[in-house]
Structures are given as structure tokens and as C-alpha cells.
Amino acid sequence: YRRMSASRTDLPVMLAPVRHVSAPNRRARDQWIAAAFLACAIYLTGAEAYAAPGQPSILATLLKWTPLIARGFVYNILISIAAMAIGTMLGLFIGIAQLSSLRPVRAGASMATQFFRNAPWLVLLFYCMLLLPFQVRIAGLVIPLPDWLKAIFGLSLAVAANMSELTRGAIQSLPSGQWESAESLGFSRYQTLWMIILPQCIKRMLPPWMNLYALLLVSTPLCSIVGVSEIVTLTADALAAENRHDLLVPMYLYVLGWFFAFCYPIARWTVALERRF
């Protein structure tokens, strides 16, 4: 059996298919991105040509409001990071609870996951805005709950539900022999989970976790509807201050460019991780 070569064995191993992006597909994707930027440049050039005389150019106006827009985008990033951190921790424990040996715990975790996973994110934001108090009193200390903090709570609920499914799927994707081997070595269920199973799940969970963060970041403009001063709210304030109809599309294209410049590297990194792991 040891002398039998891999080419002669009658026990072939079927490897999982690996999806690679071919060079023509990458070239076509880059061409579409370049065409989109070219179309935006042509539109801005035409808008500059039809601008009213005596008014500052669109490019100069965009540069004028760039510090304010950048400050709003920093708020979006901070909200997304905080909501992702809270949602990841909650989703990790809820996902583990879905695989609990106790049926009530398993049923409750699954119900919470499906409820918040299928609820619109904007509805969750409205519920948090309306149901959470404006301040909390603890031992005589008054702690205010601003709108941005409520928005973080609302977004973290949606993240926790999706993270719960990622955790459950990653754990169940591991072979059952991992649990059986750990049990034969005397590991408890808690030790097996935290020392053997979850470390192996990190590679499986990382690419979809990054996709979830990108989705969360592009959803943070929903916070503007509930009164949070982020990039869309501040952009609307800039448009109101300028009072120019020709700035409407260029300003929001500029905002779109900020999100694209931040999220596109995350998407490419996610593809690289999927190819590696």
C-alpha cells in the first residue's frame, strides 16, 4: 500500500472546486470601473459648462465642502466599527447558542436570529429610536443616550443576527470527527468549542465577516433618516447652504466616491482571502 503511487490508487480523492477569477474577467471588471469613472468625469464636465456665470465651479465647491464631508464620513466609519464590534460579540454567542444541547436555549437563539436577520435595518433603527429612552439613571447618575448611540444599537442587532448564522454555519461545516477526537482525548464540550472548533472557524468566517462589514458601512447612511449627523446629513446641509440645483448630482456622486474608495479594497481583500482559505 505504501508503494502504491497516487496515480495508480483506486481510492481517488475529490478535492473541493476552487473558483479563480480569470484574467479576462478581471480585465472586464477593471474596464467597467474605468468606464463608470469616465462617465462621471464627462457628466461633471458638462455640468461645469452649463453652470451659471459668476458662480464658483463645481470642483471648487466640492473642495470647499470636502472637510465637512470627510468629517461626516468619519462618523459613518466610527458607527460601523462600533456596531460591528457589538454585533460580532452578540452574534458569536447567539450562534453558539443555536447549537446548544438545551432545546429551549437552541430554540430561543434560532428565533432571535431569524427575527432580526429578516427585519429591515431601517425598521430596527426606528424601533431603537422610539423605544430606548433619552437617558438612563443608574445609582443617581444620569447617562444620556444620544441618537448616534441608539443607531449603533439598532445596526448591531442586524449584524448580530447575520453573525449568528455565520458562526453556526462555520461550526457545522467542520467534520464531526473534530468533536469525536476531542471527546476521546478527555476534552469537555466547552474546551472543545473554545480550544479546537472556534479557532478553525476563523478562516471560514473571515471573508463573509468582511463582506458583512462592507454591507454595514454602506447602510450607515440610513442613520441620517433618524437624525444622526453623518455624511449624507452633512451633504444635505452643504447643498442647502449653496442653494444650487446643479450641485445635487455632483455632491452625491462625490459621496458615492468616498464609499467606493473605502469599500472596494475591502471587497478585493475578501476575494483574496476566499482564494487563499
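Going by the structure above, here's the rest.
For clarity, every value in this text was computed on a predicted model and none was experimentally measured.

(A) Spatial organisation of the packing of helix α2 (residues 58–97) against helix α8 (residues 231–242). Here α2 crosses α8 at 155 degrees, and the two axes come no closer than 8 Å. In terms of orientation, α2 and α8 fall into the roughly antiparallel class. As for the relative orientation of α2 and α8, their crossing is right-handed in sense. On the side of α2, the interface is formed by Thr61, Lys64, Trp65, Leu68, Ile69, Arg71, Gly72, Phe73 and Asn76, while α8 contributes Ile231, Leu234, Thr235, Ala238, Ala241 and Glu242. Residue composition of the contact of α2 with α8, grouped by class: eight nonpolar, four polar and three charged.

(B) The layout of surface pockets, seen in detail. The volume enclosed by the second largest pocket comes to roughly 200 Å³. Taken together, Thr88, Leu92, Met163, Leu198, Pro199, Ile202, Met205, Leu206 and Trp209 make up the lining of the second largest pocket. Those elements giving two or more residues to the lining of the second largest pocket turn out to be α2 and α7 (189–219). The element that contributes the greatest number of residues to the lining of the second largest pocket is α7, accounting for six residues. Here the lining of the second largest pocket is built from residues that sort into eight nonpolar, one polar and no charged.

(C) Spatial organisation of the packing of aromatic side chains. Scanning all chains against the criterion turns up eight aromatic pairs. When the ring of Phe73 is compared with that of Phe262, the centres are 5.9 Å apart and the planes differ by 80 degrees; the resulting orientation is edge-to-face. Placement of Phe73 in helix α2 and of Phe262 in helix α9 (residues 248–276) is noted, with a sequence separation of 189 residues between them. Look at Phe73 and you get buried, because its relative accessible area is 5%. A relative accessible area of 28% places Phe262 in the partly exposed class. Where Phe115 meets Phe116, the ring centres are 5.1 Å apart and the plane angle is 85 degrees; that geometry is what we call edge-to-face.

(D) Broad picture of the environment of Leu273. Positionally, Leu273 belongs in helix α9. In this structure, the C-alpha to C-alpha distance between Leu273 and Arg204, residues 69 residues apart in sequence, is 9.5 Å. What Leu273 contacts, discounting residues up to four positions off in sequence, is Leu206, Pro207 and Met210.

(E) How the structure looks around the side chain of Thr192. Topologically, Thr192 is positioned in helix α7. Judged by its relative accessible area of 2%, Thr192 falls in the buried class.

(F) Up close: the pairing of strand β2 (residues 141–144). In this sheet, β2 lies alongside strand β1 (residues 135–138) in antiparallel orientation, the contact comprising four bridges. The residue of β2 that forms the bridge with Arg137 is Val142. A loop of two residues connects β1 with β2, the two strands running antiparallel in sequence, and Ala139 in this loop sits at a positive phi of about 55 degrees.

(G) Quick look at the pattern of salt bridges. Tallying each qualifying case throughout the model produces two salt bridges. For Lys64, the salt bridge is made with Glu242, and the minimal N-O distance between the two is 3.1 Å. Separated by 178 residues along the polypeptide, Lys64 in helix α2 and Glu242 in helix α8 bring together distant segments of the chain. Of the charged contacts in the structure, one is a salt bridge between Arg168 and Glu165, with a shortest N-O distance of 3.0 Å.

About the thresholds
- Residues numbered from 1 in each chain as written.
- Predicted model: local features only at pLDDT ≥ 70, side-chain atom pairs only at ≥ 80, totals over all residues.
- Heavy atoms only, no water.
- Axes fitted to C-alpha atoms, helices over the stretch in contact; angles between N-to-C directions.
- Helix = DSSP H or I, 4+ residues; strand = E, 2+ residues; numbered from the N terminus.
- Parallel < 35°, antiparallel > 145°, perpendicular 65-115°, else oblique.
- Left-handed = near helix turned anticlockwise from the far one by under 90°.
- Contact = heavy atoms within 4.5 Å.
- Nonpolar A, V, L, I, M, F, W, Y, C, P; charged D, E, K, R; others polar.
- 1 Å grid on protein atoms, 1.4 Å probe; cavity = no way out; pocket = protein on both sides within 12 Å on 5 of 7 lines; lining within 4 Å.
- Points joined across faces, edges and corners; volume = space filled by probe spheres on them.
- Phe/Tyr/Trp six-rings, centres within 6.5 Å; stacked < 30°, edge-to-face > 60°.
- Buried < 20%, exposed > 50% of the residue type's maximum accessible area, 1.4 Å probe, protein only.
- Pairing = 2+ DSSP bridges.
- Salt bridge = Lys/Arg side-chain N within 4 Å of Asp/Glu carboxyl O.

Keep in mind that these numbers describe shape and distance, not what the molecule does.
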